[in-house]
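Given next are the chains, with one letter for each unit.
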Amino acid sequence: MKRDTLLIALVILASAANADTVAELNESELKAIDANNDGFLSKDEFNAFSDYAFQEMDEDKNGSLGLEEAKPFLDIKQFQSVDRNDDSLISRAEYKAQMSADFEAADKDGNGQLD
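The structure reproduced in this document is the subject of the present report.

## Topic: the nonpolar core
Link 1 in the chain: With 18 residues, the main nonpolar core has Met57, Leu65, Ile90, Tyr95 and Leu114 as its most contacted residues.
Link 2 in the chain: Elements with a minimum of two residues in this core: α3 (43-57), α5 (76-82) and α6 (92-106).
Link 3 in the chain: By residue number, the principal contributor to this core is α3, which donates five residues.

## Describing the environment of Asn111
Link 1 in the chain: Position of Asn111 relative to the elements: it lies in the loop between α6 and β4 (113-114).
Link 2 in the chain: When its relative accessible area of 37% is taken as the criterion, Asn111 is described as partly exposed.
Link 3 in the chain: Along the backbone, Asn111 and Ser42 are 69 residues apart, and their C-alpha atoms lie at a distance of 9.1 Å.
Link 4 in the chain: Within the structure, the side chain of Asn111 is placed 3.1 Å from the backbone nitrogen of Gln113, a separation counted as a polar contact.

## Some remarks on α6
Link 1 in the chain: In a regular helix each residue adds 1.5 Å, so 15 residues correspond to 21 Å; α6 covers 21 Å between its end C-alpha atoms and thus fits that length.
Link 2 in the chain: Looking only at α6, the buried set comprises Glu94, Tyr95, Gln98, Met99, Asp102, Phe103 and Ala106.

About the criteria used
- Residues numbered from 1 in each chain as written.
- Predicted model: local features only at pLDDT ≥ 70, side-chain atom pairs only at ≥ 80, totals over all residues.
- Heavy atoms only, no water.
- Core = buried A, V, L, I, M, F, W, Y, C linked by side-chain atoms within 4.5 Å.
- Buried < 20%, exposed > 50% of the residue type's maximum accessible area, 1.4 Å probe, protein only.
- Helix = DSSP H or I, 4+ residues; strand = E, 2+ residues; numbered from the N terminus.
- Polar contact = N/O pair within 3.5 Å; in protein donor to acceptor, adjacent residues only side chain to side chain.
- Expected span 1.5 Å × (residues − 1).

Shown next as structure tokens:
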């Protein structure tokens with residue numbers, strides 16, 4: 001069950017980061033991360049769900065993601081892109097930086113929420 005929840009979480013995050021609007025997200029995906037049920041994804045909601053996904057992927061709970069931990073969710077090019085210091089680990093800071101960049105890219109009007 002934990003793995004299923006994580007897979008859903010990562011699909012949602014990928015969808016949210018690449019969606020032009022929240023309307024492009026599946027209704028069940030939106031409900032899972034729209035904590036206040038207003039139909040929008042705030043940066044705080046996105047970050048909270050992003051943190052949850054990182055914690056679930058970090059199987060050994062060492063605060064970073066190795067290639068084996070990330071492999072079910074990221075291909076090698078994606079992993080290398082997020083691993084900005086090329087140490088073969090995705091630190092929490094690298095992950096947050098990527099998620100922040102993804103959110104900013106999806107927030108077309110710059111209002112701090114995906115709408």
